[in-house]
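Spelled out from the first residue to the last, the chains are:
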Amino acid sequence: MTPSREIYWNIPAHLLLYPLFLPFLAAFLYGCYRLVKLIWIGQPDKDIPPIGRQLREIVFQAVLQRRLLTQRLAGGMHAAISWGFGILFAATCMVAIQEYFGVPTLSGYFYLYFMSLVVDLFGLAAVIGVVAALVRRYVAGTQRLWKPRDAQGYSLFLWLLLAVLVSGFVVEGLRIAATRDPWGLWSPGGWVTALGLTGLTHAQQTVLHRVTWWGHAVLAFAFIALVPYTLTRHILAAAANVALRRPQPSGVIQPVVLEEAEHFGISTIQGFPRKDLLDLVACTECGRCQDACPAWVTGKPLTPKGLIIDLRDHLLARARGNGNGKSMVGGVIGEDVIWSCTTCGACHQECPVFIEPIPKIINMRRFLVLEEARFPETMQAAMRGMENRGHPYQGAVPSRTDWAKDSDVPLMAEKGTAEYLYWVGCAAAFDERAQKVARALVKVLKAAGVDFAILGDEERCTGDPARRIGHEFLFQMQARVNMETLDGYGVKKIITACPHCFNTLGNEYGQFGGHYEVIHHTVFIRDLLRQGRLRPRTTIRETVAYHDACYLGRHNGIFDAPREILGILPGIQSREMERREEKGFCCGAGGGMMWFEERIGKRVNIERTEEALRVKPNVVGTACPFCLSMFEDGIRAKDATEQLKVMDLAELVARAL
Amino acid sequence: MVDVLVLVNGQADVPSQNTLELLGAARRLADATRGKVKAVVLEGSQSGLGAALCAYGADQVLRAEHPFLKEYQSDAYVATLDQVASQAGAQVILLADDARGKEVAPRLAHRLNGGVVTEVMGIAGDGSAVLFQRQMYGGRTIATFAARRFPIVATLKPRAVEPAIEQAGRSGEEAPVAVVLDAPLLRTRVVEKVTEEVRGVKLENAKVVVSGGRGLKGPEPFKQLEELAQLLKGAVGASRAATDAGWIPASRQVGQTGKSVSPDLYIAVGISGATQHLAGMTGSKTIVAINTDPDAPIFKVAHLGVVGDFKAVLPKFIEKCRELTQD
Amino acid sequence: MNIIVCIKQIIDPEIPTEQFKLDPTTQRQIRGGLSLVISVYDQNALEVALQLREKQGGKITALCLGDSGATGAVKSALGMGVDNGVLVSDPALLALDSFGVAHVLAMAIRKIGVPDLILTGCVSGDTGNKVVGPLIAEELSLPCVTFVTRVEVKDGKAVMRRIVEDGYELVEGPLPAVVSILSDDSNVPRYSKLKDIMVAAKKQVPIWKAADLDLDGAKVGAGAARLELRDVSIPRRESRCEMLDGDTPEGRAEKLALRLRELKLI
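Keep in mind that what you see is a predicted model, and the values were worked out from it rather than measured.

### Here we look at the packing of aromatic side chains
One pass over the full model with this rule turns up 23 aromatic pairs over all chains. Between Trp 595 of chain A and Phe 626 of chain A, the ring centres sit 5.8 Å apart and the planes meet at 80°, which makes this aromatic pair edge-to-face. Taken together, the positions of Trp 595 of chain A in the loop between strand S6 (573-575) and helix H26 (604-614) and Phe 626 of chain A in helix H27 (residues 625-637) put the pair 31 residues apart, joining distant regions of the chain. Here the two residues Trp 595 of chain A and Phe 626 of chain A agree in accessibility, since each one is buried. For the pair Tyr 137 of chain B and Phe 20 of chain C, a centre-to-centre distance of 5.2 Å together with 65° between the ring planes defines the contact as edge-to-face. Here Phe 20 of chain C lies in the loop between strand S2 (9-11) and strand S3 (36-38) and Tyr 137 of chain B lies in the loop between strand S6 (130-136) and strand S7 (141-147), a pairing that spans two chains. Here Tyr 137 of chain B falls in the buried class, since its relative accessible area comes to 9%. These aromatic residues form a ring-pair network of at least three members: Phe 85, Tyr 154, Phe 157 and Phe 223 of chain A.

### Remarks on the environment of Arg 5 of chain A
Residue and element names in this part refer to chain A. Following the sequence through the fold, Arg 5 ends up in the segment before helix H1 (17-40). For Arg 5, a relative accessible area of 26% corresponds to the partly exposed category. Residues Arg 5 and Ser 629, spaced 624 residues apart in sequence, show a C-alpha to C-alpha distance of 72 Å.

### Section: the interface of chain A and chain C
Taken together, the contact between chain A and chain C spans 26 residues of the former and 17 residues of the latter. With both chains or domains summed, chain A and chain C bury close to 1,800 Å², and 51% of this area falls on carbon and sulfur atoms. Looking at the side of chain A facing chain C, the largest losses of area belong to Arg 384, Asn 388 and Arg 389 of chain A, adding up to 26% of the total buried there. Viewed at the interface, chain C and chain A are joined by one salt bridge. The residue Arg 389 of chain A makes a salt bridge to Asp 12 of chain C at a minimum N-O spacing of 2.8 Å. For the pair chain A and chain C, the interface holds eight residue pairs in polar contact (both at pLDDT 80 or more). Looking at the side of chain A that touches chain C, the elements that each hand over two or more residues are helix H16 (357-371) and helix H17 (377-389) of chain A. Here the element with the most residues in the side of chain A that touches chain C is H17 of chain A; it accounts for seven residues. Its residues placed into classes, the side of chain A that touches chain C shows ten nonpolar, six polar and ten charged.

### A look at empty space enclosed by the protein
Taking a probe equal in size to a water molecule and rolling it over the atoms shows the remaining empty space. All names here are of chain A. In this structure the tally under the stated criterion is ten cavities of 30 Å³ or more. The volume enclosed by the largest cavity comes to roughly 150 Å³. Cys 426, Ala 427, Cys 498, Cys 501 and Phe 626 are, among the 18 residues lining the largest cavity, the residues nearest its centre. For the lining of the largest cavity, the secondary structure elements donating two or more residues are helix H19 (426-430), helix H21 (464-469), helix H23 (499-508) and H27. Of all the elements, H19 adds the most residues to the lining of the largest cavity, at three residues. Per-class residue counts for the lining of the largest cavity are 14 nonpolar, three polar and one charged. What lines the second largest cavity is a set of 15 residues, and nearest its centre among them are Cys 283, Cys 286, Cys 289, Cys 351 and Ile 355. Residue contributions to the lining of the second largest cavity peak at three residues, all from helix H13 (residues 304-320). Tallied by class, the residues present in the lining of the second largest cavity amount to eleven nonpolar, two polar and two charged.

Definitions and limits used
- Residues numbered from 1 in each chain as written.
- Chains lettered and ligands numbered in written order.
- Predicted model: local features only at pLDDT ≥ 70, side-chain atom pairs only at ≥ 80, totals over all residues.
- Heavy atoms only, no water.
- Phe/Tyr/Trp six-rings, centres within 6.5 Å; stacked < 30°, edge-to-face > 60°.
- Helix = DSSP H or I, 4+ residues; strand = E, 2+ residues; numbered from the N terminus.
- Buried < 20%, exposed > 50% of the residue type's maximum accessible area, 1.4 Å probe, protein only.
- Contact = heavy atoms within 4.5 Å.
- Buried area = accessible area lost by both parts, 1.4 Å probe.
- Salt bridge = Lys/Arg side-chain N within 4 Å of Asp/Glu carboxyl O.
- Polar contact = N/O pair within 3.5 Å; in protein donor to acceptor, adjacent residues only side chain to side chain.
- Nonpolar A, V, L, I, M, F, W, Y, C, P; charged D, E, K, R; others polar.
- 1 Å grid on protein atoms, 1.4 Å probe; cavity = no way out; pocket = protein on both sides within 12 Å on 5 of 7 lines; lining within 4 Å.
- Points joined across faces, edges and corners; volume = space filled by probe spheres on them.

Following this line, the structure appears as structure tokens:
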């Protein structure tokens, strides 16, 4: 006998299902319409990814949930719920396929293995998942779910889902019991439920079955109808967000045309592009971004989660007509919040639905800086310095070539041309500690016989701090001036020891037509070592913990080259910090924060220095002058100068030659 | 022959350090040109002052008394000095470069249709010309000016010239000067005076000054500087960066728009040595600089230097100084 | 209330020592590629004016005497938010002494119309002179208060915080008056809004010549200068700084203390 069961057993009026569904469907569609209308008040978007890419993202992130699963327990729980729900939904559709298209989905091995066994197991997993979610949220009180404030709507959502799932098993159990289903064992969940229902008479079972069946239908329909009105909307919004994900990396900020612009930056919710508003709707308030944010972790008022949900609530309030009280910038989102961001990108890295807080913050900064000229005084001083002197450093500083006085460094102006331009950067020129790195790198380049030159006084700040602070005008001015100099010498290849210069010259100048091959010094040195052009002979007995610079690692994917260098240098023992590579923890100086006095909470660099001290290295290896400076301050502040020092990889390599 | 008129103000019966410097410069110029030194005393005087001024080089002490001169009021001072200078017929009029001198000197020069030169660090005269030296470009350069007409009103930078030497037994004339001042003349008035609490030594007179700058990054480290200053029996100063940031009252500023000091020992902590600041302290005998940047301009004027973060250097330095000063 | 702020354009003073060069013939600093800025205390004066306008309303005019490139300074002031700007520029007026400068500015102020308040920086950012404000006051027979950090206006009178050696005085004076401004944390010059900078860049700054003002030849003509600049020199430093060495900052600190004891300074 072919394994099968009667569809709609005991439910003669099953065709009523469809008219019953209609009002719920209407509610669902209306809710979706309202969501789209909400998002549509934003500005039209410029780059929509091609459809193939959209589908690919949906498969990897919405279906396979790759990013969610980076946290195994929470990800597993979510997978159980979402896949469970998905499989159950698909199974329900299978019934319709057999009913209306004649495909025998409910017979044979397919029925047993998939429709009965697999579906039931997924259903059980879903139940376990929902219970786990409830425990995690309400019993264990997992912090990132509750801070900065608790999410509205999870209670309804989870309990309703649980009710749907459990009622489904009850229906199945009743059917198995009442029909004495020979294949009941293939539906383990239903079979176990049936065991508990044997006390009822056949008549009772039948009546109860009918009631529960319709009840289950209503619950399920209600769940579907409520999707757009509660956080469950993330099923749709997250998938959309993932599909429409912007292609550019987190370290690249998009330019704006400033001449003829009516307003600068974004100061109202409708000023955001629609994709940014979709971001707000897609947020599930999971808080993974928050846990990774260096500002939040050190007690600042900024949390990416808070930023997104505050903006979302502001959007909803505005749609309801009562959002006109507070201004978005300064009111809804406090200025303290806006100026705490180091643009490290950890929030972008963590978010399972690919929300982007950084462009929103930068655009709000642009409003504050360009439109209102209201930004921290130390940053103003840095900007003035950049305008007048071409660099953000203050006071009477050395010239751009003082560091090279005794190192005999070739100048582009004298040499005329060279294979590589060594872009020194402002930090290495003006910061006493960073100057040592420049000298070390020069020693290394000469040892390898590299044909290079520096611009010396012709170099001007790349403008990275200006762009991150929101001073897009000054950034574009710097870019234009530098590009003129670079193109004047026909520069094609640039080596730099600063990841910010690396990111800006390599990834952002292209927005204005400046295309250069920019190589970070760790990659360059690694290649020199691989090619045998550098032969480290001296053994360095140090235990080195490498600190991933945000603008080199997370934003630009360079994690291995520096580690490879440490592996090649003789005598070095490597240690890894807990937060490393894509999950590396910021030193605190990015996003213009180098020129900001942290007054709230703990200093970010102290937090990171403490982490470094925990793995007990005697050297922290860095690849960025800002990280170098932050660690120097941090080590001093922790009184740890005896046991720990910080060195750039170039310095280590120079010592080993 | 150059006669020099010196403004003496303040009610003490002993000439102040500023006054002694004015007299010193005046006497030297008068001697070089066979001229006279006249001192004019405003604002209520003690009887002993006149004799003291003569002992320190004044040939004549003029007393201008008027109820409107009881307290400093710029219109009254300018009008008074206008009258006194016209009567006294001096070619050079010297004032201290203090808050009053800075305000009065240019206005007086305008009234007398003469020239004005401020923050003078040296005066020289011979038969042919009277020369005034002052800093320009924020202390990066020394400029020398020659008078093309007289009178020249000059303010003297404190602690930049040698003070007068007392000659016991030297005497001079004392005479009252009639001054006419009308009430409508006085257009501004001081409504309130707020004195910053000065514990210990006054900055201008301190033999040891410990100054903090931008490198301190906040107001708290100034407590350490206080500790050090107290230990060395000196005063705390600051660069403009620190006072503009509100870390320490503006009256502590040493520099072009702050105080001019020339102590025996000047310790600059976290000060880069912007020319604005140097203008106020290059007269110090020994300058010590503590800074993280070995290329900071302060090291070009310092005599002793320590490269390092003050957070590491100061505590140890204070500890060692305490140890050494205890025996 | 209407305010005129007198500003001067100078070469950016915050530069490394190597970049400071003197022209041997004119005895003036050579510009080279260095930036031009508004003299720093003049910027504080602009800020004080802007804050007063926020409270009292009225118009602010920036008045500048300089070479033809000084339109940059006027535009900078316009970018900060002042209402109008005027540049007085004439080859015949490039080598004036302080009295000449004050006279020209005073006549320009008369031409604009004597306002309620005239502000200027207390010290010139390059020459270090402290006299132009008081000289303008004398030219216009107005009361003058110098080294003021804060100005408030109440019932047609100005109340000013004047910094003195041991603290400050609150000085009350009638308007119009001339006030010279000193920097403090209350008058940090504001950053310009981009829109204002862009609008200012497009504005035409009126330029007045000597002939437009009724100038007294005795104050601005050749030979009017009351003092002659004989020489400007960069002092050579004979001694080098003795750097205390040591592996650690603490070690160096100890050495410093010992050295000072050796020199009998502590």
